[in-house]
Amino acid sequence: MSIQRQELLALLDGLLQPARFKDYGPNGLQVEGKETITRIVSGVTASRALIEAAIDARADAIFVHHGLFWRGQDGRVVGWMKQRLQLLLAHDINLFAYHLPLDAHPELGNNAQLGRVLGLAADARFGEQELGCVASAQFADGQALADHVAGALGRAVTLVQPEGVLRRPIRRVAWCTGGAQGYFEPAIAAGADAFITGEISESQAHLARETGVCFIAAGHHATERYGAPAVAAHVAQQAGVEHVFIEVDNPA
C-alpha cells in the first residue's frame, strides 16, 4: 500500500490543524521528497542520526516534532544544516514537521500522550494557546509525584519543592511538555499544586519555593517522545502504509 505525498500532507493537516497556531517555524512539509510514500519513520527531532536511521529503514517520509527551520535562525545552508539536507535530498525523503500543533492535539499530541504515560487525565487547559493540561491527582507530596514521573519515563528528574508550611499534598497537576518553563506562572494561576515540563530556568526554582507549587523538570526530549509516534501510527493506519518509530537517545 502507498499514499501520495499531498494526500499524506492533507491527512496530517486535517488532523493537527496547523493554521490554528502561532508557531516558531513552518508546520507541514519542510523538505519535499518522492511523490509516493510506503513507509513513514517518526522521531522527535530531524537530527542527522534520525535521518541516517530512516535511510537504513528505507523510509520515504520522516515525521518529527522538531523540524529543520525556526524563526530567527541562521538561514545559510552550511555545516550541520547542509549535512541533514544533503541526506534528505540525496535519498529523496520527505520531511514533515509539526511543532505546537503536535503538542496540542487532545488525544495524540505530546501533552495528551504524556498524560497517558503518567496516568493523568486532563480536565482543563491553560496557558498561551491553551497548550497546558491540568488534571486531578493523589500524591502525598512533590517527591512522591517526582518518583512517579521518574519511574514512568525511566529517567531521573529535577524536583524543586517548597519547604516547611508551604509543602502540601498534590491534588492538581499541570503539565506542558518540552521547554515550557514559562508556563509555570499560568499553571500556578490555574490552581496547580505541581507543574511538570521538560526544562527549568533559574527563576522557576525561586517561584516554586515561594509559591508552594512544586516544579518538576523531566527532560525536553523525554517529555516529547510520545506524540510523534502516536500521530504517525494513526495516520499510517489510515493511509495503509508502514510506520516505524526510531528513538534517538538524548539526555535532555
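Reading the values: the criteria
Residues numbered from 1 in each chain as written. Predicted model: local features only at pLDDT ≥ 70, side-chain atom pairs only at ≥ 80, totals over all residues. Heavy atoms only, no water. Pairing = 2+ DSSP bridges. Helix = DSSP H or I, 4+ residues; strand = E, 2+ residues; numbered from the N terminus. Axes fitted to C-alpha atoms, helices over the stretch in contact; angles between N-to-C directions. Core = buried A, V, L, I, M, F, W, Y, C linked by side-chain atoms within 4.5 Å. Buried < 20%, exposed > 50% of the residue type's maximum accessible area, 1.4 Å probe, protein only. Contact = heavy atoms within 4.5 Å. Polar contact = N/O pair within 3.5 Å; in protein donor to acceptor, adjacent residues only side chain to side chain. Parallel < 35°, antiparallel > 145°, perpendicular 65-115°, else oblique. Left-handed = near helix turned anticlockwise from the far one by under 90°. Nonpolar A, V, L, I, M, F, W, Y, C, P; charged D, E, K, R; others polar.

Moving on, we come to the sheet that holds strand β10 (residues 170-175). Two strands in a sheet stick together by hydrogen bonds in their backbones, pointing the same way (parallel) or opposite ways (antiparallel). Within the open sheet, the six strands sit side by side as β7-β8-β10-β11-β12-β9. Their pairing is mixed. Both outer strands of the open sheet, β7 (124-126) and β9 (158-160), are each paired with one neighbouring strand and no more. Between one strand axis and the next, the sheet turns through 30 degrees on average, direction left out of account. Relative to strand β8 (residues 132-139), β7 runs antiparallel, the two sharing three bridges.

Right, let's talk about the nonpolar core for a bit. With 22 residues, the main nonpolar core has Leu8, Leu12, Ile40, Phe63, Phe96, Tyr98 and Val231 as its most contacted residues. Elements represented by at least two residues in this core include exactly α1 (5-16), β5 (61-66) and α10 (227-239). When residues of this core are assigned to their parent elements, the largest contribution, seven residues, is made by α10. Setting aside residues up to four positions removed in sequence, Leu12 forms contacts with Gln17, Phe63, Phe96, Tyr98, Val231 and Val235.

One can find Asn27 in the loop between α1 and β2 (28-31). Residue classification places Asn27 among the partly exposed residues on the basis of a relative accessible area of 22%. Filtering out sequence-adjacent residues up to four positions away, Asn27 remains in contact with Pro18, Ala97, Tyr98, His99 and Pro101. Within polar-contact distance, the side chain of Asn27 engages the side chain of Asp23 at 2.9 Å. Looking at Asn27, its side chain comes within polar contact range of the main-chain nitrogen of His99, at 2.7 Å.

On to the packing of α1 against α10, then. Relative orientation of the contacting elements α1 and α10 amounts to 130 degrees, with a least axis distance of 11 Å. For the element pair α1 / α10, the angle class is oblique. With respect to the hand of their crossing, α1 and α10 are arranged in right-handed fashion. Note on element contacts: α10 touches α1 through Val231, His234, Val235, Gln238 and Ala239, opposite Leu8, Leu11, Leu12, Leu15 and Leu16. For the contact of α1 with α10, the per-class residue count stands at eight nonpolar, two polar and no charged.

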